[in-house]
Amino acid sequence: MLQNLCRVLGFGRVLAAVIMSGVFFVPVSAAEYEMPDAAALETLHGDFEDALDEHNIPGGLIAVYRNGEILHIQPFGFANVELDVPVTEDSVFEIGSISKQFTTAAVMMLAEEGMLALDDPISKYLNGLPGEWTPVTIKQLMLHQSGIPDYEEIRSYDVYRFRLTPEEVIKIAHSRPMDFEPGTGFYYSNTGYYLLSMIVEQIEKKSLRDVLAARIFGPLEMTQTRFADPAAIIKHRVEGYWENKAGELINRNPTEYSSTLGAGGLLTSAADMAKWDAALNDDKLLSEKWKAEMWTSGKLPDGSDTFYGYGWDVEPYGENRKARSHSGQVGGFSAFYARFPDDGISFMMFINRYQARGIWDATRSAIDTFLHIEKAE
């Protein structure tokens with residue numbers, strides 16, 4: 001769940017870089033969409049497989065959706081290295097911070113129903129908070145503009161492996177002063193989404209697991225999506241890996257739900273993400289009004305955009321392509337999900353290795369292939 005890896009993929013104001021690299025962007029409407037040809041797909045698959053080999057990544061999967069339907073899906077490598085189990089189309093991966101958009105959706109549904117207001121102070125719902133946290137609003141938590149320090153950054157990202165209580169998470173985050181006065185800056189903080197999870201639980205009077213199951217996963221028939229649990233038997237679960245200092249692949253513990261809650265504890269499959277993608281195209285879960293707000297960039301006091309909405313990075317892709325995206329890293333996994341609404345195309349990438357930055361070039365290339373981003377003549 002490291003900060004804004006999607007910016008590594010080329011999202012943002014990169015006109016100068018686009019000009020220098022000699023690429024141009026060809027808008028493709030959903031109605032006119034054409035699949036990349038066989039040669040392009042073969043190149044894409046080969047490049048992705050080469051990146052896995054080069055960066056010691058056991059396995060992965062890429063999936064492309066068009067208007068919520070699976071347009072293309074391709075597994076690679078191994079879900080379990082020790083047992084030689086391959087990744088399949090049904091494999092279930094942890095997705096780290098992509099989990100935040102599901103927590104956000106639950107918050108927005110409560111807001112739409114009048115059960116909370118986004119400008120409410122978090123102290124309205126949570127007792128025993130440090131004094132300097134009490135003015136922070138729900139909106140500021142979602143926008144990463146609360147100033148509350150990131151407990152995972154303080155404790156190290158190895159914290160996913162341990163069972164924690166909410167009191168322990170708050171104590172860790174409070175061991176460092178506020179990063180800035182609420183609303184005056186932007187800094188990615190997993191603590192904010194842990195607190196949002198607690199607020200949802202307080203209002204609904206049940207665990208976030210049960211809230212998301214009842215409000216999202218059940219209605220959308222996302223049968224392979226749930227919170228991670230090291231002890232649970234989860235069909236098609238992929239093993240997570242990391243590299244030690246000698247460059248050797250090592251096993252990683254599955255994420256403990258209590259260590260992240262809605263900040264990064266979910267696992268899912270390509271098929272389930274297609275169902276989520278489809279739901280974001282209609283008003284089954286959220287009305288257009290609330291989705292539009294969810295995808296609106298936060299602003300700093302000087303009026304500049306943070307390019308982060310409510311659990312979504314909203315930075316454009318390249319010069320002018322509208323994008324809604326988020327990356328995720330947790331334990332032994334990395335993932336990336338991006339929606340390109342004007343194209344009707346979405347992209348999902350899973351791998352079962354933590355801190356595998358070398359995969360991002362291949363991921364960007366795969367996205368470009370399906371968006372028909374071509375070299376200028």
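Here the structure is a predicted model, which is why all the values come from computation and not from measurement. Throughout, residues of each chain are indexed from 1 in the direction in which the sequence is written. With the structure being a predicted model, the display of local features is reserved for residues of pLDDT at least 70 and the display and counting of side-chain atom pairs for 80 or more, all residues being used for whole-chain, interface and lining totals. Note: side-chain values were computed over all heavy atoms of the structure, leaving out hydrogens and water.

Chemist: Before we go on, may I ask you to explain the overall build of the protein in this structure?
Modeler: Think of it this way: any DSSP run of H or I at least four residues long counts as a helix, any run of E at least two long counts as a strand, and we number them from the N terminus. When you go through the protein residue by residue, the secondary structure sums to 12 helices and 13 strands. Projected onto its principal axes, the C-alpha coordinates of the protein cover approximately 60 × 45 × 40 Å. Contacts are residue-level and defined by heavy atoms, with any inter-residue pair within 4.5 Å sufficient. Restricting the contact set of the protein to residue pairs at least 6 apart, pairs at least 24 apart contribute 71%. Areas reported as accessible are Shrake-Rupley estimates using a 1.4 Å probe. Residue values count occlusion only from the protein chains shown. Just so you have it, the protein exposes about 15,200 Å², and 51% of that area is on carbon and sulfur atoms. The sign given to each residue is positive for Lys and Arg and negative for Asp and Glu; His and the chain ends receive no count. Each charge is placed at NZ for Lys, CZ for Arg, CG for Asp and CD for Glu. Positive and negative charge centroids in the protein, built from 33 and 54 side chains respectively, lie 6 Å apart.

Chemist: What should I look at first to understand the packing of aromatic side chains in this one?
Modeler: Geometry of an aromatic ring pair is reported as the spacing of the ring centres plus the angle between the planes. The aromatic pairing rule takes the rings of Phe, Tyr and Trp, using the six-membered ring of Trp, and pairs them if the centres are within 6.5 Å, calling planes under 30 degrees apart stacked, those over 60 edge-to-face and the rest tilted. Inspection of every chain in the model, using the stated rule, returns 15 aromatic pairs. Seen from their ring centres, phenylalanine 102 and tryptophan 276 are 4.2 Å apart, and the 35° between their planes marks the pair as tilted. Here phenylalanine 102 is found in helix α3 (residues 100–112), whereas its partner tryptophan 276 is found in helix α10 (residues 270–279), with 174 residues between them in sequence. Pair check on accessibility: phenylalanine 102 and tryptophan 276 agree, each one buried. Measuring from ring centre to ring centre gives 5.8 Å for tryptophan 295 and tryptophan 312, while their planes differ by 85°; the resulting arrangement is edge-to-face. Of this pair, tryptophan 295 sits in the loop between α11 (288–294) and β10 (324–330) while tryptophan 312 sits in the loop between α11 and β10, and the two are 17 residues apart along the sequence. Here tryptophan 295 and tryptophan 312 have matching classes, each one buried. One residue, lysine 100, lies across the ring of tyrosine 193, its end atom 5.6 Å from the ring centre. Only when the NZ atom of a Lys or the CZ atom of an Arg is both within 6 Å of the ring centre and within 35 degrees of the ring normal do we say a charge sits over the ring. Lying over the aromatic face of tyrosine 257, arginine 209 brings its terminal NZ or CZ to 3.9 Å of the ring centre. Throughout this description, buried means an accessible area under 20% of the type-specific maximum (1.4 Å probe, protein chains only), exposed means over 50%, and partly exposed covers the range between.

Chemist: Mind showing me how you'd approach the pattern of salt bridges here?
Modeler: Pairing is possible between side chains that carry opposite charge, provided their charged atoms lie close to one another. In the sections that follow, a salt bridge refers to a side-chain nitrogen of Lys or Arg positioned within 4 Å of a carboxyl oxygen of Asp or Glu. Per the counting criterion, the structure on display carries 16 salt bridges. When the shortest N-O distance is used, the salt bridge between glutamate 204 and arginine 215 registers 2.6 Å. Placement of glutamate 204 in helix α7 (residues 190–204) and of arginine 215 in helix α8 (residues 208–217) is noted, with a sequence separation of 11 residues between them. Aspartate 343 is the salt-bridge partner of arginine 321, the closest N and O atoms lying 3.1 Å from each other. Taken as a pair, arginine 321 in the loop between α11 and β10 and aspartate 343 in the loop between β11 (333–340) and β12 (345–351) lie far apart in primary sequence, 22 residues in all.

Chemist: Would you mind going over the packing of α3 against α7 with me for this structure?
Modeler: Every angle, taken between N-to-C directions, lies between 0 and 180 degrees, and every axis is a line fitted to C-alpha atoms, over only the stretch in contact when it is a helix. It is at 10 Å that the axes of α3 and α7 come closest, and there the two elements cross at 40°. As the angle between them shows, α3 and α7 are arranged oblique. Of the two elements, α3 crosses α7, and the hand of that crossing is left-handed. Of the residues in α7, those in contact with Lys100, Thr103, Thr104, Val107 and Leu110 of α3 are Asn190, Tyr193, Leu196, Ser197, Val200, Ile203 and Glu204. An angle below 35 degrees is read as roughly parallel, one above 145 as roughly antiparallel, one from 65 to 115 as roughly perpendicular, and any other as oblique. We call a crossing left-handed when the near helix sits turned anticlockwise from the far one by less than a right angle, and right-handed when that turn is clockwise.

Chemist: Just checking my understanding: could you explain α10 for this structure?
Modeler: In an α-helix, one turn spans 3.6 residues; hence positions three or four apart end up facing the same way. Within α10, 7 of the 10 residues are buried, leaving the element largely enclosed by the surrounding structure. The set of residues buried in α10 consists of Ala270, Asp272, Met273, Ala274, Trp276, Asp277 and Ala279.

Chemist: Explain unusual backbone geometry to me, please; I cannot follow it from the model alone.
Modeler: Excluding glycine, residues mostly carry a negative phi; peptide bonds, for their part, are mostly trans. Although it is not a glycine, aspartate 84 adopts a positive phi angle of roughly 55°. Here aspartate 84 is to be found in the loop between β3 (69–80) and β4 (85–86). Judged by its relative accessible area of 53%, aspartate 84 is exposed. The backbone phi angle of histidine 236 is positive, close to 70°, even though this residue is not glycine. Along the chain, histidine 236 falls in the loop between β6 (226–227) and β7 (240–243). Look at histidine 236 and you get partly exposed, because its relative accessible area is 46%.

Chemist: When you look at the side chain of threonine 191 in this model, what are you seeing that I'm missing?
Modeler: Inspection of the secondary structure puts threonine 191 in helix α7. Taking relative accessible area as the criterion, threonine 191 reaches 1% and is therefore assigned buried. For this analysis, a polar contact is any N or O atom pair within 3.5 Å, provided that within protein one partner can donate a hydrogen and the other can accept it, and provided that sequence-adjacent residues contribute only side-chain to side-chain pairs. A distance of 2.6 Å separates a polar side-chain atom of threonine 191 from the backbone oxygen of proline 149. If we skip the residues at most four places from it in the chain, threonine 191 touches Trp133, Ile148, Pro149, Asp150, Tyr151 and Ala173.

Chemist: It is not clear to me how the pairing of β11 should be interpreted in this structure. Could you clarify?
Modeler: Within a regular strand, the side chains alternate between the two sheet faces. Among the 8 residues in β11, 8 count as buried, and that is most of the element. We treat two strands as partners when DSSP finds at least two bridges between them. Judged from the 7 bridges that link them, β10 and β11 form a sheet pairing that is antiparallel. Directly across from histidine 326, in β11, lies its bridge partner tyrosine 337. Relative to β12, β11 is paired through 7 bridges, and the arrangement is antiparallel.

Chemist: How should I be thinking about the environment of arginine 353 in this particular structure?
Modeler: Within the element layout of this structure, arginine 353 appears in the loop between β12 and α12 (360–371). Residue arginine 353 is classed as buried on the basis of its relative accessible area of 5%. The contact partners of arginine 353, leaving out residues within four places of it in the chain, are His55, Asn56, Ile57, Pro58, Tyr241, Trp242, Glu243, Leu249, Gly332, Phe333 and Ser334. A distance of 2.7 Å separates a polar atom in the side chain of arginine 353 from the backbone oxygen of histidine 55.

Chemist: Sorry if this is basic, but what is going on with the nonpolar core here?
Modeler: Among soluble globular proteins, nonpolar side chains are generally buried collectively. Formed by 84 residues in total, the largest nonpolar core has its most connected members in Phe102, Leu118, Ile138, Leu195, Ile216, Trp276 and Met348. Discounting chain neighbours no more than four positions away, the residues touching phenylalanine 102 are Ile95, Leu212, Ile216, Phe217, Met222, Leu266, Met273 and Trp276. The next biggest cluster of nonpolar side chains, apart from the first, holds 28 residues, and it includes Tyr33, Val64, Ala323 and Ile373. The set of buried Ala, Val, Leu, Ile, Met, Phe, Trp, Tyr and Cys residues whose side-chain atoms join them within 4.5 Å is what this entry labels a nonpolar core.

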